[in-house]
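# Observations on the model geometry
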Amino acid sequence: MLKTVSSLKHSGKSIGFVPTLGALHDGHLSLIKKAKKENDIVVVSVFVNRLQFRKMAFLNYPRNLKGDAAIAKKAGADILFAPSEKQIYPNGFSAQVVLPNLFKALKSQKLSWHYKGVLIVVMKLFNIVNPTRAYFGLKDPHQFALIKKMVDDFNMQVKICGCPTVRGRDRLALSSRNALLSGQEKKAAKAIYRALVFAKTEMKKNGAKSATSALAGMKKMLKKEAPAVQLDYAEIADAKTLEPLWGKSKEALVFVAAFVGGKRLTDNIRLNLRQRRKQH
Ligand code: AMP
């Protein structure tokens, strides 16, 4: 991979990179297609990163490298990079990447261990693939903010591109976990997006000051409309710093994580606050 990339870069080719855990769906494909439009060569990686999973979730993660390779190729990928675990984490591997401010803002999610795992593997993959641009879904807004900050803080020479969340016809955000939902559970899960839209509409009307009441209204709505959806975590925060909204926040992130039939689903919506301020 290092040799291939180095000779491609030497001949002046730009490289678009899409890191994934595999089990590719239309959400991933939108990233690959965007990368194809904006770069000469597209590299897709498939690596189920043990460091970002609990043990059972790691063991049960769907793996189908052959299928993924065919899907990625059809969407425009030129190179599929699927390293082994030993190649990424040889014996004695011990590095850490920590971003204390963002981790502090994420404290109430209790997922710092997960994001630490994500940052380690993304840092390694960037160093191996050396991409011109890397593509991430805004479906995972905390991951996106952390990676952007890591790249800024370490002067890494890669442009981080965010891609909008791809939804099914029922507006449910596409995720490899959706395949595990029953018909009834899918129906209940639709309430998550409705609740996000409710909060966004409230804030569009009443501004960032209404974040607390919009959040409370969103939680109440979920409880009333979909008892099968068990809220794990919800927040309205500054999309960049992940801290509470303040006067100069440019973009608000409205985020929900909830369990439906034991499966943890996440979804979010963004609101441009600058545009709203201009209108008023
Ligand atoms: P994953 O394989 O789940 O780590 O996802 C790989 C990339 O695809 C990440 O940047 C995700 O944010 C992105 N992604 C996953 N689902 C979607 C979706 N429904 N819409 C857009 N991007 C997505």
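### Observations regarding the site of the ligand
Of all residues adjacent to the ligand, which total 16 residues, the nearest are L21, G137, D140, V166 and L174. In the environment of the ligand, an oxygen atom lies 2.9 Å from a nitrogen or oxygen atom belonging to the backbone of L21. In this structure, a nitrogen atom belonging to the ligand sits 2.8 Å away from a main-chain N or O atom of V166. Of all the elements in the fold, those that place two or more residues in the shell around the ligand are strand 1 (15-20), helix 2 (26-38) and strand 4 (133-137). Element by element, the count of residues in the shell around the ligand is highest for helix 2, at three residues. Considering only residue class, the shell around the ligand consists of seven nonpolar, seven polar and two charged.

### Notes on the sheet that holds strand 7 (residues 251-260)
Sheet architecture is open: three strands sit in the order 6-7-8, paired in antiparallel fashion. For this open sheet the edge positions go to strand 6 (229-238) and strand 8 (263-272), each flanked by a neighbour on one side alone. On average, each strand axis in the sheet is inclined to that of its neighbour by 15°, with strand direction left out of account. Of the strand pairs in this sheet, strand 7 and strand 8 are connected by 10 bridges, and their pairing is antiparallel. Looking at strand 8, one finds that A258 is bridged to L265. Against the sheet, helix 8 (residues 141-153) makes contact with strand 6, strand 7 and strand 8, and its axis sits at roughly 130° relative to strand 7, the strand it touches most.

### Structural notes on the sheet that holds strand 5 (residues 159-163)
Read across the open sheet, the five strands follow the order 3-2-1-4-5; overall the sheet is parallel. Each end of this open sheet is capped by a strand with a single partner; those strands are strand 3 (79-81) and strand 5. Geometrically, the sheet is characterised by an average inter-axis angle of 25° between neighbouring strands, direction not taken into account. Along the sheet face, helix 7 (residues 112-129) touches strand 1, strand 2 (41-46), strand 3, strand 4 and strand 5 and points at about 150° away from the line of strand 1. The strands touched by helix 8 are strand 4 and strand 5; relative to strand 5, the strand with the most contacts, the crossing angle is about 165°.

Rules behind the numbers
Residues numbered from 1 in each chain as written. Predicted model: local features only at pLDDT ≥ 70, side-chain atom pairs only at ≥ 80, totals over all residues. Heavy atoms only, no water. Near = heavy atom within 4 Å. Polar contact = N/O pair within 3.5 Å; in protein donor to acceptor, adjacent residues only side chain to side chain. Helix = DSSP H or I, 4+ residues; strand = E, 2+ residues; numbered from the N terminus. Nonpolar A, V, L, I, M, F, W, Y, C, P; charged D, E, K, R; others polar. Pairing = 2+ DSSP bridges. Axes fitted to C-alpha atoms, helices over the stretch in contact; angles between N-to-C directions. Contact = heavy atoms within 4.5 Å.

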